[in-house]
Amino acid sequence: MRKTELKYTFNEDALNYDKSRPGYPEQLYHDIFDYCCISDSCNVLEIGIGTGQATEPFLRKGCNIKAVELGGSLAEFSRKKFSQFKNIEVINADFLECEFCKNHFDLIYSATAFHWIPKERGYHKILNILKPGGAIALFWNHPFPNRKDDSTNAASMRVYAKYRPDDNHGSEFSEKNCEKIVSELKQFGFTDVQSKIYHRTRNLDTQDYINLINTYSDHRALCPEIKSSFEREMTEAVNAAGGHIKIYDTIDLYLARKP
């Protein structure tokens, strides 16, 4: 399945996505708000709200939020989830097809979603609709369940090696990996570019891990027979390793301004 098709798989099970995908560290929000002071007079855009894992801290600042979401089920889920807030509008559309006023937003942010947007068109559009001096905040969560010295990770890796041998387990995300996005932001004309890294460890039981895997686009794209066998053997492997698995998360944040 091509990347253009994979991005639609998140829309298939909004409830599980909301339950299984983690939020973001409190310090990340503090760093964003220290970088760009936002208030109830500010206009903010979220690209790819999903089910709102990153949204509430911005809502509680009182700013006016427009949140764009490609998936209809995800958009409707977020509308209901944040229905008590009057300062948000969820738009079910492709960000690149949305019409926004030039120089309108004080802040544009995207949480584990911006990689689905063609970077040249995406960055140019952001620069067009940000106010001069307005800020962009891009951040991602990189889960890593592949530490060889962790028996729970080793159990998971054995199943991946059998069913998905071409998966690149690689190494954990590090500050070195930040250079690509930092370079892109500078290349497209942003200034005052900064990056930050945060770490955490999650301990998931077997079913929670299976639920998490089911939020990954490449897993949802597997043919039903392979997907079923993969999940059955993963359940057996993690149960045999103690009934839980540790996920080592690295969260990367990028901050920059429109000149």
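What counts, and at which threshold
Residues numbered from 1 in each chain as written. Predicted model: local features only at pLDDT ≥ 70, side-chain atom pairs only at ≥ 80, totals over all residues. Heavy atoms only, no water. Helix = DSSP H or I, 4+ residues; strand = E, 2+ residues; numbered from the N terminus. Rg over C-alpha atoms; globule rule 2.2 N^0.38 Å. Buried < 20%, exposed > 50% of the residue type's maximum accessible area, 1.4 Å probe, protein only. Contact = heavy atoms within 4.5 Å. Areas by Shrake-Rupley, 256 points an atom, 1.4 Å probe, with all protein chains shown as cover. Pairing = 2+ DSSP bridges. Axes fitted to C-alpha atoms, helices over the stretch in contact; angles between N-to-C directions.

Colleague: Sorry if this is basic, but what is going on with the overall build of the chain here?
Modeller: Helices and strands together make up the secondary structure of the chain, namely eleven helices and seven strands. Here the C-alpha atoms of the chain give a radius of gyration of 19 Å, agreeing with the 18 Å that 2.2 N^0.38 yields for 259 residues. Along the three orthogonal principal directions, the C-alpha set of the chain runs to about 55 × 35 × 30 Å. Every one of the 259 residues in the chain was classed for burial, and the buried ones make up 51%. Taking as baseline every contact in the chain between residues at least 6 positions apart, the subset at least 24 positions apart corresponds to 78%. Roughly 12500 Å² of accessible area belongs to the chain as shown, and the carbon and sulfur atoms make up 48% of that amount.

Colleague: Just to check I follow, could you spell out the sheet that holds strand E3 (residues 88-92) for this structure?
Modeller: The strands making up a sheet associate through backbone hydrogen bonding, with each pair oriented either parallel or antiparallel. The strand order E3-E2-E1-E4-E5-E7-E6 describes an open sheet built from seven strands, whose pairing is mixed. Each edge of the open sheet is held by one strand with a lone partner, namely E3 and strand E6 (191-205). Each strand axis lies, on average, 15 degrees off the axis of its neighbour in the sheet, ignoring direction. Sheet topology note: the strand E1 (residues 43-47)/strand E2 (residues 64-69) ladder contains five bridges and is parallel. Bridging across to E2, Leu 45 finds its partner in Lys 66. Sheet contacts for helix H5 (residues 72-81): E2 and E3; angle to E3, the most-contacted strand, approximately 165 degrees. Contacting strand E5 (130-144) and strand E7 (244-257), helix H7 (residues 151-163) crosses the sheet at an angle of about 90 degrees to E7.

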